[in-house]
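Understanding the architecture of this molecule
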Amino acid sequence: MSDTANLAAKMDIDEAEIDEGLYSRQLYVLGHEAMKKMAASNVLIVGLNGLGAEIAKNVCLAGVKSVTLYDPEPVTLQDLSSQYLLREEDIGKPRAAATLPRLSELNAYVPVRNLGGRSGQEISVDMIQPFQVVVLCGASYEKQLEINDWTHANGVHFISAETRGLFGSVFNDFGPKFTCVDTTGEQALTGMIVSVDKDKEGLVTCLDETRHGLEDGDFVTFTEVQGMEELNGCKPRKISVKGPYTFTIGDTSDFGDYTRGGIFHQVKMPKIIEFKSLRESLKSPEFFITDFAKFDRPATLHAGFQALSQFRKQHQRLPRARNLEDAAAFVSLAKKIDADADEKVLTELAYQATGDLSPIIAVIGGFVAQEALKACSAKFHPMVQHMFFDSLESLPSTLPTEEDCKPIGSRYDGQIAVFGKEFQEKIAGHRQFLVGAGAIGCEMLKNWSMMGLATGPDGKIHVTDLDTIEKSNLNRQFLFRPKDLGKFKSEVAAAAVSEMNPALEGHILCKQEPVGQSTENVFDDDFFDALDGVTNALDNVAARQYMDQRCILYEKPLLESGTMGTKGNVQVVIPHLTESYSSSQDPPEKQTLSCTVKNFPNAITHTIEWARQEFDAMFVKPIESVNQYLSEPNYLENSLKYSGQQRELVEQIVSYLVSNRPLTFEECIVWARLQFEEKFNNAIRQLLHSLPKDHLTSTGQPFWSGPKRAPDPLAFNSSDPAHLAFIVAAANLHAFNYGLRGETDPSAFKKVADSIIVPEFTPKSGVKIQINENDTVERATSDSDDLNDLIKMLPPPSSLAGFRLTPVEFEKDDDTNHHIDFITAASNLRALNYKIPVADRHTTKQIAGKIIPAIATTTALVVGLVCLELYKIIDGKRKLEEYKNGFVNLALPFFGFSEPIAATKNKFGNTEWTLWDRIEFNNDPTLKEFIQWFRSTHALDVTMVSQGVSMLWSSFTDRKKSAERLPMKFSKLVEHVSKRPIPPHTKHLLVEVMLMDEEGEDVEVPFILVRI
């Protein structure tokens, strides 16, 4: 048996179940089906320079069946420019063998193997046969053609890629007929319909609340259509869009007459993609455009990369950095391939051919890894077929000389070849603040360590992140290992990159403080004064906006980025040049109406939202009320004075502290069983009593139609797993509130639940149901007990000194705490009430936990783009067109770049200003001096002055107060009005004013800074 056949046999191990704890965020991007296909794929990566390592890292994290490496060449010092899995002590060892141990640590589910070989031995056809995907990095075109001829004929997916300085190239060939099962990865659309015409066109009209979102050529099927029942579960029908609420589905003339109801469901249809072999593609290439501003560049680079391969074959080396003689020889080779190729671009490619840059490798490596995953999983549209990428804008404004770019025997030689030694020193002296050490933060630090950022005597990297490491982080936050669980992210990340590049030792300072007003004593004026820039690696808008405001205040450049699944974006904020992050905002998320969630759900998202609210209403809010009653004097008195729901509040405290306070776990099961009855039976019977199924609206239309689905009560059945799941989760959470030990054995629950005699329920008359958002809800009142009788049932807090209940703190990522189990069970039972298709635990967890899908490939690529902009910030570029904001979607795939938007210019009087300008007052002026300055300098009248939440003065302040406040220094005035001392670290105050000109018109001015 040959070695490769042996290897194939070794690989043939059945994949275990997908570890949802580890792959949680990625599963929301790819789905279980695609992940299972990946788990059956063996990937070979040939060439373990920086690019090969980056691809291997991303593929390992994603979770394929196995990754095999081939690169028997010895490690050189120059490899350390970008190959972060190698160390100085690896120099001289075979590259694949030296890379393997650190790569193996990334994912315990992915075995990493070395195909062996000896130095000088290239990969050959007989070695690639056991693999489903073959990736060649930096191979000659001769070798690419040899391997691709075989893969194209034998159904193996082939990718070749290389990077040269600020240039990158990728080629895909997934065979003559590749089936892509989902070209976009977007959620299949669904919507309610209100009519279907019975004719040749078959015009479908949707409910006018929401646009259907479909495109011509999409396919749909239907459910719940009444009358024209032939449509229910029909074969997918191709649609033609007629308007935002209408589309046609073809001939319906032989069908029954449509009466009402119905839901359309988009059906994702597989797409067959025909790839050409490399041999054919070299003659008639199909280009994937990454930047439409460089539309003609791919053709030039297509010739350029082939010419590089020829040059290397002729000279046994690449063109020397910035060497005119080599560049001329190279350009003439390229011109023979394509006479129209752009000479300037070709010359730059020759100059940078020996360049090896971590940010370009991150972009190309992230992209190629995603293409390899597409080949394995058939999920998302592959790139067809040649991609060429460059970032020539990242070059310094003053170009380096040949002398400046010569290798100096340093790990940064690959970067020096492009930027020169002088610029390398600028990189080493840079001072950055990284806010966040999660997925983006890890990738950022890896790139910075390879670039040698802040490794000089004055260089500094500050990192802050208050989070600790959780299991779900390990899938994409690649600096962390299972042994690091529970440790602080910033510390582990800093230690990991200092090991990658020991020159960073002592140059990375870690903090665990969040950024915000509460930590302005830590991140104060002195801290920001000692920075050259800020990089956000955050996961929430509020912190991003806060850092944006700090960067405006301190006039620091900000690099902003984010990812969601396969989508990513990069924004550059440059003082006095661009708009800021907060200048434009996404539209707010559409909120579900409360009456829909409460009484009329029609989608699983509504029932999940209801279950999430019930979670708080059962295990959090009442517990907090009980604890406040026990600990706060006069709590009831104060609450009853201000609360509109007095009776409910008291009843809740009586229930949780007296009538339903459990002493054993069995009593928790009884409570949970009664909660089931109340929520999924009695409440539904009450609703149907108030609004029967045959109820008509004031216009005579059936009330239960369109988005309003008529519910049915559920009769408890302990043999139904969905019913029992609710009892198990609710009883355990209730027990947690009271510090009782839980139980998970289903038979114990079954036994108790079946023995309970449930009180008979009789629906009440006259209960008003909230039908529209604006309806006021009359609360049902009971005649039996009045409020005082209820209050008398409460034990005095003094009799329960020290007794407290424990509220549940919602935590989505702990699979043992019953939180997601409860929400899944409650949501699905309510869905059964309303005949809504149920959701599995995984889907429920994403919606209830508001989890943002994430995958390592997008993160790597986006961070690469950020670092390409960082080069420009270090260079101090001052032209808007030199910077690029970027948007990518790896699923399509799509790249979009644009110039940042210029800061908007405003004017008052003859003074022009932008958001970056400010009016500064030094030496803590008096309020009178402040007001007079505006009058004398700009002929503006101050009508109001405030600072933070304190109103300091206004034109209608009474005389006595005015006389008192006008002579006060600003610092004293702020302390006087706010009745709080100014913190010692505060050196300036941000002041808001209202101003009027001589015509009495309001005037807007830049923000005002008073230095104290």
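In what follows, the accompanying structure is described. On a predicted model such as this, the values are computed, not experimentally measured, just so you know.

Bringing the overall build of the protein into the picture now. Assigned secondary structure in the protein consists of 31 helices and 33 strands. Computed over the C-alpha atoms, the radius of gyration of the protein is 33 Å, within 12% of the 31 Å expected from 2.2 N^0.38 for a compact globule of 1012 residues. Taken along the three principal axes of its C-alpha coordinates, the protein extends 100 × 85 × 60 Å. Taken across its 1012 residues, the protein has 55% of its residues classed as buried. Expressed as a percentage of contacts within the protein between residues at least 6 apart in sequence, the contacts between residues at least 24 apart total 72%. As displayed, the protein offers around 44200 Å² of accessible surface, 51% of which is attributable to carbon and sulfur atoms. Here the protein holds 105 positive side-chain charges and 138 negative ones, and the gap between their average locations is 1 Å.

If you trace the backbone, Q316 turns up in the loop between α7 (297–315) and α8 (324–337). A distance of 2.9 Å separates a polar side-chain atom of Q316 from the backbone oxygen of K313.

So, about the packing of α7 against helix α9 (residues 343–351). One can describe the packing of α7 onto α9 by two numbers: an axis separation of 10 Å at closest approach and a directional angle of 40°. Considering their axes alone, α7 and α9 lie oblique with respect to each other. Between α7 and α9 lies a crossing whose hand is right-handed. Across from R297, T300, L301, G304, F305 and L308 in α7, the residues of α9 making contact are V345, L346 and L349. Here the contact of α7 with α9 is composed, by residue class, of six nonpolar, two polar and one charged.

Bringing the pattern of salt bridges into the picture now. The final tally for this structure, using the stated rule, is 56 salt bridges. The shortest N-O distance in the salt bridge between K446 and E443 comes to 3.2 Å. Linking K446 with E443, this pair stays in helix α13 (residues 439–451), spanning three residues, or about one helical turn. Of the two residues examined, K446 and E443, each falls in the buried class. Between D813 and K845 there is a salt bridge; the shortest N-O distance is 3.3 Å. With a gap of 32 residues between them, D813 in the loop between α25 (787–792) and α26 (819–833) and K845 in helix α27 (residues 841–848) connect regions that are remote in the sequence. The exposure class assigned to K845 is buried, which follows from its relative accessible area of 6%. Shared partners join several salt bridges into a network, and the residues in it are D291, K294, R297, D390, E393 and K884.

Another aspect to go through is the packing of aromatic side chains. For the structure shown, the criterion picks out 47 aromatic pairs. An angle of 35° between the planes, with centres 6.3 Å apart, marks the rings of F895 and F897 as tilted. Residue class for F897 comes out partly exposed when judged on its relative accessible area of 22%. Its end group placed over the ring of F478, K57 keeps NZ or CZ at 4.6 Å from the ring centre.

Attention shifts here to the sheet that holds strand β20 (residues 508–511). The strand order across the open sheet formed by eight strands is β20-β19-β18-β21-β22-β23-β24-β25, and the pairing between neighbours is mixed. Sheet topology places β20 and β25 (894–898) at the edges, where each strand pairs with a single neighbour. With strand direction ignored, the average angle separating the axes of adjacent strands in the sheet is 10°. Taken together, the five bridges between strand β24 (residues 885–889) and β25 define a ladder with antiparallel strand orientation. Its bridge partner lying in β25, N889 is registered against F894. Those strands touched by helix α16 (residues 541–554) are β18 (431–435), β21 (533–536), β22 (558–564) and β23 (567–573), and its axis lies near 165° from that of β22.

One finds I123, W448 and L479 to be the most contacted residues of the largest nonpolar core, which totals 160 residues. No other element matches the 12 residues that helix α28 (residues 856–875) contributes to this core. Residues contacting L479, with those up to four places away along its chain left out, are C442, L445, D484, V492, A493, A496, V497 and M500. Counting residues in each nonpolar core, the second largest holds 68 residues, with Y635, L794, L800 and A848 among its members.

As a further point, take helix α3 (residues 50–62). A rise of 1.5 Å per residue sets the reference length of α3, with its 13 residues, at 18 Å; its end C-alpha atoms lie 19 Å apart and thus fit the reference within 8%. Burial runs high along α3: 13 of the 13 residues are buried. Phi turns positive, to about 95°, at G63, one or two residues after α3.

Now for a nonpolar patch on the surface. On the surface, F292, F295, F887, L892 and F894 cluster together into a nonpolar patch covering about 500 Å² of accessible area. Assignment of secondary structure puts F887 in strand β24.

A grouping of D467, E470, D539, E811 and D814 is seen on the molecular surface, where their side chains present a negatively charged patch. Its location among the elements puts D467 in the loop between β19 (460–464) and α14 (489–500).

Of all the residues in α27, the buried ones are H842, T844, K845 and A848. Projected down its long axis, α27 carries its buried residues within an arc of 165°, all on one side. Elements that come into contact with the buried residues of α27 comprise α2 (20–38), α18 (604–619) and α26. Note on α27: the residue one or two positions beyond its end, K850, has a positive phi of about 50°.

What follows concerns the sheet that holds strand β2 (residues 66–70). Across the sheet, which stays open at both edges, the eight strands sit in the order β3-β2-β1-β4-β5-β6-β17-β16 with mixed pairing between neighbours. The strands lining the two open edges of the sheet, one partner per strand, are β3 (112–114) and β16 (287–288). Inspection of the sheet shows β16 paired to strand β17 (residues 386–390) by two bridges, in the parallel sense. The residue of β17 that forms the bridge with F288 is M387. Its contacts with the sheet put α7 on β5 (157–164), β6 (167–173), β16 and β17, and the angle it makes with β17 is roughly 90°. Strands in contact with helix α10 (residues 358–377) are β1 (42–46), β4 (133–137), β5, β6, β16 and β17; relative to β5, the strand with the most contacts, it is inclined by about 180°.

Once that is clear, we can look at the environment of K872. With respect to the helices, strands and loops of the structure, K872 is situated in helix α28. Sequence spacing of K872 and Q415 is 457 residues, and the spatial spacing of their C-alpha atoms is 14 Å. Setting aside residues no more than four positions away along its own chain, K872 makes contact with E393, S394, K877, E882, Y883 and K884.

Inspection of the secondary structure puts R237 in strand β11 (residues 237–238). At 2.8 Å, the side chain of R237 and the backbone oxygen of D251 are in polar contact.

This brings us to the environment of L69. Here L69 lies in strand β2. Taking relative accessible area as the criterion, L69 reaches 0% and is therefore assigned buried. On a C-alpha basis, the gap between L69 and G47 in space is 7.7 Å, while along the polypeptide they are 22 residues apart. Apart from residues no more than four positions distant in its own chain, L69 is found in contact with I45, L48, A56, A96, T99, L100, L103, V112, R113, N114 and L115.

Cut-off values and rules
Residues numbered from 1 in each chain as written. Predicted model: local features only at pLDDT ≥ 70, side-chain atom pairs only at ≥ 80, totals over all residues. Heavy atoms only, no water. Helix = DSSP H or I, 4+ residues; strand = E, 2+ residues; numbered from the N terminus. Rg over C-alpha atoms; globule rule 2.2 N^0.38 Å. Buried < 20%, exposed > 50% of the residue type's maximum accessible area, 1.4 Å probe, protein only. Contact = heavy atoms within 4.5 Å. Areas by Shrake-Rupley, 256 points an atom, 1.4 Å probe, with all protein chains shown as cover. Lys, Arg positive; Asp, Glu negative; His and termini not counted. Charge placed at Lys NZ, Arg CZ, Asp CG, Glu CD. Polar contact = N/O pair within 3.5 Å; in protein donor to acceptor, adjacent residues only side chain to side chain. Axes fitted to C-alpha atoms, helices over the stretch in contact; angles between N-to-C directions. Parallel < 35°, antiparallel > 145°, perpendicular 65-115°, else oblique. Left-handed = near helix turned anticlockwise from the far one by under 90°. Nonpolar A, V, L, I, M, F, W, Y, C, P; charged D, E, K, R; others polar. Salt bridge = Lys/Arg side-chain N within 4 Å of Asp/Glu carboxyl O. Phe/Tyr/Trp six-rings, centres within 6.5 Å; stacked < 30°, edge-to-face > 60°. Lys NZ or Arg CZ within 6 Å of the ring centre and 35° of its normal. Pairing = 2+ DSSP bridges. Core = buried A, V, L, I, M, F, W, Y, C linked by side-chain atoms within 4.5 Å. Expected span 1.5 Å × (residues − 1). Patch = residues over 30% accessible without salt bridge, like charges linked within 9 Å, V, L, I, M, F, W, Y side chains within 5 Å. Arc of directions from axis to C-beta.

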